[in-house]
Amino acid sequence: MRILICEDSALLREGLVRLLQDAGHEVVAALPDAGELTARVAETAPELCILDVRLPPTFTDEGIRAALALRAVQSTLPVLVLSQYVEERYASELITGQAAAFGYLLKDRVADIRDFLGAVARIGAGATVLDPEVVAQLLTRRARDERMSRLTERERTVLALIAEGKSNQAIAQTLFITEASVEKHITSLFQKLGLEQDEHGNRRVLAVLVHLEHGDQTPPNGALR
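Only a predicted model underlies this, so the values are computations on that prediction, with no experimental measurement involved.

Another point: the UniProt feature "modified residue: 4-aspartylphosphate" (unreviewed entry) in the chain. Within the UniProt annotation, "modified residue: 4-aspartylphosphate" (unreviewed entry) is assigned to Asp52. By secondary structure assignment, the location of Asp52 is in strand β3 (residues 48–52). Apart from residues no more than four positions distant in its own chain, Asp52 is found in contact with Cys6, Glu7, Asp8, Gly63, Ile64, Leu82, Ser83 and Lys107.

What follows concerns the packing of helix α7 (residues 153–163) against helix α9 (residues 179–192). Angle between the axes and distance between the axes are the two parameters that describe a pair of packed helices. Two elements in contact, α7 and α9, have axes separated by 10 Å at closest approach and are oriented at 95°. As far as their axial angle goes, α9 and α7 are roughly perpendicular. Packed against α7, whose contacting residues are Arg154, Glu155, Val158, Leu159 and Ile162, the element α9 presents His185, Ile186, Ser188, Leu189 and Lys192 at the interface. In terms of residue class, the contact of α7 with α9 is made up of five nonpolar, two polar and three charged.

All right, on to the sheet that holds strand β5 (residues 102–106) then. Strand order in the open sheet formed by six strands is β2-β1-β3-β4-β5-β6, with parallel pairing between adjacent strands. Edge positions in the sheet fall to β2 (26–31) and β6 (128–130), since each of these pairs with one other strand and no more. Sheet twist, expressed as the mean angle between neighbouring strand axes with direction ignored, is 15°. Relative to β2, strand β1 (residues 2–6) runs parallel, the two being bridged by five bridges. Note that in β2 the partner of Cys6 across the bridge is Leu31. Across the sheet, helix α1 (residues 10–22) touches β1, β2, β3 and β4 (79–83), and the angle it forms with β2 is around 175°.

Okay, the pattern of salt bridges next. Taken as a whole and assessed by the stated rule, the structure comprises six salt bridges. Note that Glu26 and Arg2 form a salt bridge whose closest N and O atoms lie 3.4 Å from each other. With Glu26 in strand β2 and Arg2 in strand β1, this residue pair connects regions lying 24 residues apart in the sequence. In this structure Arg2 comes out as partly exposed when scored by relative accessible area, which is 27%. Here Asp22 makes a salt bridge to Arg18, at a shortest N to O gap of 3.1 Å. Taken together, the residues Asp22 and Arg18, both in helix α1 and four residues apart, mark about one turn of the helix. For the residue pair Asp22 and Arg18, the accessibility class agrees, reading exposed in each case. The network of salt bridges with common partners includes Glu7, Asp52 and Lys107.

It is worth spelling out the nonpolar core at this point. Ranked by internal contacts, the top residues of the largest apolar core, which has 45 residues, are Leu4, Leu37, Leu51, Val81, Tyr104, Leu189 and Leu193. Residues Leu20, Leu80, Val120 and Ile123 belong to the second largest nonpolar core, which totals 18 residues.

Looking at the element boundaries, Val86 is found in the loop between β4 and α4 (88–96). Overall, the relative accessible area of 10% leaves Val86 in the buried class.

This brings us to the confidence of the model for the chain. Averaged over every residue, the pLDDT of the chain is 81; the share at 70 or more is 77%. Low pLDDT (under 50) marks residues 215–225, which in the prediction has 34 contacts with non-local residues, meaning those over four places away or in another chain.

The geometry of helix α8 (residues 168–175) relative to α9 is characterised by a closest axis approach of 8 Å and an angle of 105° between their N-to-C directions. Between α8 and α9, the angle is such that the two are roughly perpendicular. Contacts between α8 and α9 involve Asn168, Gln169, Ile171 and Ala172 from the former and Glu179, Val182, Glu183 and Ile186 from the latter. Residue composition of the contact of α8 with α9, by class: four nonpolar, two polar and two charged.

Of all the five residues making up β5, five are buried; the element is thus mostly covered by neighbouring parts of the structure. Neither face of β5 is open: one carries Phe102, Tyr104 and Leu106, the other Gly103 and Leu105, and all of them are buried. Alignment of β4 against β5, held across five bridges, turns out to be parallel. Note on β5: the bridge partner recorded for Val79 is Phe102.

Analysis parameters
Residues numbered from 1 in each chain as written. Predicted model: local features only at pLDDT ≥ 70, side-chain atom pairs only at ≥ 80, totals over all residues. Heavy atoms only, no water. UniProt positions renumbered as here; feature names shortened; annotations may be inferred. Helix = DSSP H or I, 4+ residues; strand = E, 2+ residues; numbered from the N terminus. Contact = heavy atoms within 4.5 Å. Axes fitted to C-alpha atoms, helices over the stretch in contact; angles between N-to-C directions. Parallel < 35°, antiparallel > 145°, perpendicular 65-115°, else oblique. Nonpolar A, V, L, I, M, F, W, Y, C, P; charged D, E, K, R; others polar. Pairing = 2+ DSSP bridges. Salt bridge = Lys/Arg side-chain N within 4 Å of Asp/Glu carboxyl O. Buried < 20%, exposed > 50% of the residue type's maximum accessible area, 1.4 Å probe, protein only. Core = buried A, V, L, I, M, F, W, Y, C linked by side-chain atoms within 4.5 Å. pLDDT = per-residue confidence, 0-100.

Structure follows, in structure tokens:
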């Protein structure tokens with residue numbers, strides 16, 4: 001996969017380059033700031049962009065605003081945002097406004113090489129991957145939606161695990177239940193959230209968006225493990 005990196009820390013930037021290259025990816029550019037990001041994306045045609053949230057010159061939100069700008073002109077470009085913090089407002093905007101694969105991981109996740117490379121592969125393949133801590137913080141800042149109150153605790157747990165990007169099989173293993181039980185819970189929560197089946201199979205994504213926009217203020221026990 002062709003990957004562009006935008007990260008101000010030289011140590012982390014070079015570490016990401018080496019890690020991704022060793023995993024078989026091609027790093028087409030490694031930038032210290034977002035100044036030339038749009039031009040380099042047009043020049044190198046990456047299949048995934050990895051951006052730090054806080055970049056020069058102010059080290060506030062340049063990276064995540066650059067991600068939003070990229071999405072405005074290239075809506076199908078997969079983007080992975082790395083951050084030490086959860087920028088709640090921008091994270092919500094990227095998640096709810098996305099038209100392509102997206103990831104938001106805290107930098108601590110990079111320390112787990114297997115998880116990080118797995119997330120990169122999944123995002124490159126079209127998935128949405130959110131760090132559990134990102135999900136948790138978004139949940140605590142969202143008002144309760146009446147639809148969410150219809151869900152049982154187990155259904156909310158299943159939905160939270162879906163929001164983490166877990167497959168039905170992974171959810172079953174996490175909760176120590178069968179895949180058939182997971183499918184029943186998912187069917188039930190779709191019905192309770194009023195999400196009708198469509199030809200594009202978007203109900204899973206729509207359910208996650210409901211979860212993030214209007215989820216419980218306190219996630220259920222075990223939901224984010």
